[in-house]
Every structure is written in C-alpha cells, then in structure tokens.
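Summary of structural features
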Amino acid sequence: MPAAKNKPFLRVLAGEDIGRSPFWFMRQAGRYLPEYREVRATAGGFLELCYRPDFATEVTLQPIRRYGMDAAILFSDILVVPHALGQDVGFTVGEGPKLEPIRSAADLEKLSITGLHDKLAPVYQTVTNLSQALPAEVSLIGFAGAPWTVATYMVEGGGSKEFAIVKKMMMEAPQLFGRLMDLLVEATTAYLARQVRCGAEVVQLFDSWAGALDEAAFEQWVIGPTVRIVSALRAEFPDLPIIGFPRGAGILYKKYASETKVTGLSIDTSVPASWAASELAPLAVVQGNLDPVSLVAGGEAMMGRARALRRTFGTHRHIFNLGHGILQTTPPDHVAELSDYLRSAGA
Ligand code: CP3
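Because the structure is a prediction, the values reported are computed rather than measured.

Turning our attention to the sheet that holds strand 9 (residues 318-322). Across the sheet, which stays open at both edges, the seven strands sit in the order 1-4-5-6-7-8-9 with parallel pairing between neighbours. A single partner strand is all that each edge strand has here, and the edge strands are strand 1 (71-73) and strand 9. The sheet shows a mean angle of 25° between the axes of neighbouring strands, direction not considered. Pairing of strand 6 (residues 242-246) with strand 7 (residues 264-266), which is carried by two bridges, proceeds in the parallel orientation.

Here we come to the packing of helix 9 (residues 147-156) against helix 11 (residues 174-197). Each pair of packed helices can be described by the angle between their axes along with the distance between the axes. Packing of helix 9 against helix 11 leaves a shortest axis separation of 10 Å and a crossing angle of 120°. Regarding the angle of helix 9 to helix 11, the classification is oblique. Like other packed secondary-structure pairs, helix 9 and helix 11 cross with a definite hand, here right-handed. Together, Pro147, Trp148, Val150, Ala151, Met154 and Val155 of helix 9 and Phe177, Leu180, Met181, Leu184, Val185 and Thr188 of helix 11 make up the contact between the two elements. Here the residues of the contact of helix 9 with helix 11 sort into eleven nonpolar, one polar and no charged.

Here we come to the nonpolar core. Core analysis: the biggest nonpolar cluster contains 129 residues, and Phe25 and Leu338 have the highest contact counts within it. For this core, the element with the most residues is helix 11, which contributes twelve residues. Phenylalanine 25 has contacts with Met69, Phe320, Asn321, Leu322, Ile326, Val335, Leu338, Ser339 and Leu342, leaving out every residue within four places of it along the chain.

A few words on helix 10 (residues 164-172). Every α-helix carries 3.6 residues per turn, so stepping three or four residues along brings you back to the same face. Listed in full, the buried residues belonging to helix 10 are Val166, Met169 and Met170. Down the axis of helix 10, the sector holding all buried residues measures 100°, keeping them to one side. Opposite the buried face of helix 10, at more than 90 degrees from it, the exposed residues are Met171 and Glu172. Against the buried residues of helix 10 lie helix 9, helix 11 and helix 12 (215-236).

Parameters and conventions
Residues numbered from 1 in each chain as written. Predicted model: local features only at pLDDT ≥ 70, side-chain atom pairs only at ≥ 80, totals over all residues. Heavy atoms only, no water. Pairing = 2+ DSSP bridges. Helix = DSSP H or I, 4+ residues; strand = E, 2+ residues; numbered from the N terminus. Axes fitted to C-alpha atoms, helices over the stretch in contact; angles between N-to-C directions. Parallel < 35°, antiparallel > 145°, perpendicular 65-115°, else oblique. Left-handed = near helix turned anticlockwise from the far one by under 90°. Contact = heavy atoms within 4.5 Å. Nonpolar A, V, L, I, M, F, W, Y, C, P; charged D, E, K, R; others polar. Core = buried A, V, L, I, M, F, W, Y, C linked by side-chain atoms within 4.5 Å. Buried < 20%, exposed > 50% of the residue type's maximum accessible area, 1.4 Å probe, protein only. Arc of directions from axis to C-beta.

Put into structure tokens, the structure is as follows:
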C-alpha cells in the first residue's frame, strides 16, 4: 500500500497528527436512511442486497454523499461467511438473523471452504466498484466478523443473550469448537485478503460479543484467532491497517491491543475515554466512542458528548466513531449536524 496516499483516515492510522480526528460511523449505511430503505425494498431480501454489487455499491455511497465521512465501509454483513461456507442463513424483517445451527461433528462436516470465493464473488465485485467510485480523499474499509462472534451465530442459530449453547460447546467439546474456529480463521483470512486485493485499504474485525467471555476464554477465542488473522494478513500486506473491535472487552482491551498488534482499536461506549486516551492510545489508534443513543436524542445530548470526546482525545491517534452501530431510529438531520461539526478542524 503506498504510504504516501493523501487520505486523512489512512494518515491518522499511520500515526500522523493531521489536526483533526477523521470520522465515520459504524452501520452508517442502513435503515435510518430513506434512500437505503428504497434500495432495500427493490432488492427483496437482505442477503440479496449484500450479493448485488450494484445495490451494495449504491448503499455504501449513500452516507458518504450526505455526510462526507472520511471512510466508507463496504456494505455487506458478517454472516455472509457462514453462508458462503454452506450454512443456511436467513434474515426476517424485525427478527434478526436465523441460521441452521451447527451443534455436532456431522453439522460441521457439512461446511466447506472450497466454494468460499465463488460465493463471495459479488462482495469482491462491490469492493472493486467502490475503490473506483469513492472520492479521492475517502478511504475504503473492508470487514469481517471475528471468529468468536461469527461462531456465536453459527452455533446458537441466531442472536443470543446468554450464549449458553455456544459457551457450553466451547467448554464441553473444545475439540469440535476448535475445529469450527480453525475453519473460521482460515475463511476470514482468505476473505479479508481478497477484499484487500480488490481495493479495501483498511480492514475491521467485528468481535461484537467478545464481552461475553471470561478472561481465559477471551484469550483463547478472541485474542488467539485475531492474532492468527492479523499475522497472516500482515505477512501478505505488511502495511495494511487493521482495526479490531472486541466490544465489551473492558480492561482486556489493553491485552487485546498489545497481543494482537492491531493498528486501530474500536472501543465501545462503556470504556472511559480518559482511560482509553492514556492507556490504549499508546498501543493503537483509538476509534470511538460516542453513545449511539445520543444521535437519536440529538441537540446538546449529542453535541456536548461529541465536544467532550474531542477534548479528551485531542486530534492525535483518534478516529471519531460511535461505541456501536447507528440505531434505526436515528434522525438523519442529527447525523448531519454531528458530521458538520467533525469536519471542522481542531479539537
Ligand atoms: O456499517 C455499515 O454500514 C456496513 C454494513 C454492516 C451491516 N452489518 C449491515 C446490516 C456491517 C459492518 C454489519 C456488521 C454486523 N452484522 C455485525 C457486527 C457489528 C455489530 O453491530 O455488532 C453483526 C453482529 C451483524 C449481524 C447482523 N446483521 C444482525 C444481528 C442483524 C440484524 C439486526 C438488525 O438491525 O436488524 C443484521 C442485519 C443487518 N446488517 C442490517 C444491516 C443494514 C439490517 C438489515 C435490513 O436492512 O433489513
């Protein structure tokens, strides 16, 4: 990757202070935008939207046109990987994802990495389209779910609150669970490497359910697989910026940063910004962590918090983002007000 690229987001990830924190918002494309809902209705199902490069390109660009973020994130979903491995995955409106659960060796045998790139070809096409369509100063982020988080959906068969089924498998059948995780490490690495070859300039690993694990399990199943993915990607792309998001990791964010050697660390709302600025910023560029609900509230609830974050982090080693994804009930005008503020230089 040419280090000289004059893109604010890449420069800050490379450690430069450009006098402003670049910004983007997790889930910046999505149902809070009327133009997304329109494309979504035309596409039919949600997976159909992810697998149609023309539609996926369009919805990725929609928030950039409106708000001028410093980075665009590929429009797709973390669950295209289990789908490409051969698992049945469905999205029903209002219910979240539903998967045919993997609970036994026989279930695992049905999955295969062989057709991965063929099935994900439309996603790679979207990345290629975006790398050509984006404004010159906007960076392109590729992404995948981290193995632990993807495994929770694969084993539970959908979203979960307690993670009792997947954690029981992890505890009682560590070999079976380990084989599933090995498959996910291999698939995720191959998937992200191909995104980079198609033009993704940064990749983010979403480990949304990292906070469900105790310390030992966190080390084994969050840090361990992430280390393997990061080192495999760095072997091929030595300068690739990689952002990790072990949501809910608490003080384990520190161990995650030092052991995985990610370039950027996306922090959730529960992490004190002052602690992140002093303890995490020396280890990685910190990304976060405005409460997404403050964008629903708007006004001083949002702007007061945004100003406080800018005061705490300054402009050095900070990417402005949310602690988690934009909520569906967010008024688009609030996102506009916040974006205008963030584009203006200085802390
Ligand atoms: O950030 C972006 O704009 C890029 C697109 C993106 C989506 N999902 C689109 C999406 C990204 C980066 C994701 C990641 C993702 N998907 C995560 C990790 C981040 C997080 O939020 O914790 C997870 C856990 C998933 C799995 C997933 N996908 C769930 C649980 C759901 C249903 C929840 C809901 O809001 O309905 C999805 C569906 C989904 N992924 C939607 C979008 C825009 C909504 C689907 C729709 O339009 O009907």
